[in-house]
Amino acid sequence: ILLAVVSLAGMLLPGRGSLPGTDWSRAQTSFDGIKAQIAHVSDEGESVLFIAQRNFVTFGMVDVPLIPDYEKDVLMEMAMAGNDAYLDAFEADLRNHEFGLIVIDPQSNVIQPEKAAFALENNRWVREITRPLLCYYELTASYDDVGVELYSPRSENLDCEEE
């Protein structure tokens, strides 16, 4: 364990390199694209919801107000707890296009079989968060290399039916 820690520390020292496989210039290009889209929406007077990547706001990497209501961990807790009042408010905000842009981790609309690992958590997230998101917002940009997706309000909401 000591050898692994010393090796990692040696790679991270200035002038010694970086984590293996990290393409910092590509990550910076993606971050610049994300920042540009956030700035555009913010300049239009629209709010930006960070469900994920709140560190962009916390560390001053982007200059927008943090909307505390719908953080990823809280959304997951409310989905797992079946907090209908909270989830209904979230869906109403999506339906009303309260946010000019939503920053979130890559989303999957796939319901997993019950026996799959973490199927319960995945399926609740898909039903309570992803599907309402996809109903009222559309994917604007996907930055796979940094694991970020941006969603903008749909010009016309989809006619989404609950399962």
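Now for a look at the structure at hand. (Residues numbered from 1 in each chain as written. Predicted model: local features only at pLDDT ≥ 70, side-chain atom pairs only at ≥ 80, totals over all residues. Heavy atoms only, no water.)

1. Section: unusual backbone geometry
The criterion, for reference: Helical segments are the DSSP runs of H or I of at least four residues, strand segments are the runs of E of at least two, and each set is numbered from the N terminus. Each residue is assigned to one of three classes by its accessible area relative to the maximum for its type, calculated with a 1.4 Å probe on protein chains only: buried under 20%, partly exposed between the two thresholds, exposed over 50%.
Phi is positive for H97, close to 50°, though the residue is something other than glycine. Note that H97 resides in the loop between α5 (84-95) and β2 (101-104). Exposure remark for H97: the relative accessible area of 24% places this residue in the partly exposed category. The backbone of F118 sits at a positive phi, close to 60°, despite the residue not being glycine.

2. Observations concerning the pairing of strand β4 (residues 148-153)
The side chains of a regular strand alternate, first on one face of the sheet and then on the other. For the record, the criterion: Between any two strands, pairing holds if DSSP finds at least two bridges.
With five of six residues buried, β4 is to be regarded as a mostly interior element. Both β2 and β4 contribute to a ladder of three bridges, which runs antiparallel. Each residue of the ladder has a partner; that of I104, found in β4, is E149. The sheet contact formed by strand β3 (residues 137-143) and β4 spans six bridges and is antiparallel. Bridging across to β4, E138 finds its partner in S152. Count of turn residues in the β3/β4 antiparallel hairpin: four residues, of which G147 carries a positive phi of about 70°.

3. Some details on the packing of helix α4 (residues 72-81) against α5
Here is the rule: To obtain each axis, a line is fitted to C-alpha atoms, and for helices this fit is confined to the stretch in contact; angles are then taken between N-to-C directions over 0 to 180 degrees. By definition in this entry, angles of less than 35 degrees are roughly parallel, angles greater than 145 are roughly antiparallel, angles of 65 to 115 are roughly perpendicular, and the rest are oblique. Crossings are assigned a handedness: left-handed for a near helix turned anticlockwise from the far helix by less than a right angle, right-handed for a clockwise turn. Note on contacts: a residue pair is in contact if any heavy atoms of the two residues lie within 4.5 Å.
Between α4 and α5, whose axes approach to 8 Å, the crossing angle comes to 125°. Accordingly, the angle class assigned to the pair α4 and α5 is oblique. α5 is crossed by α4, and the crossing has left-handed handedness. From α4, V74, L75, M78 and A79 reach across to α5, where they touch Y86, L87 and F90.

Keep in mind these numbers describe shape, not what the thing actually does.
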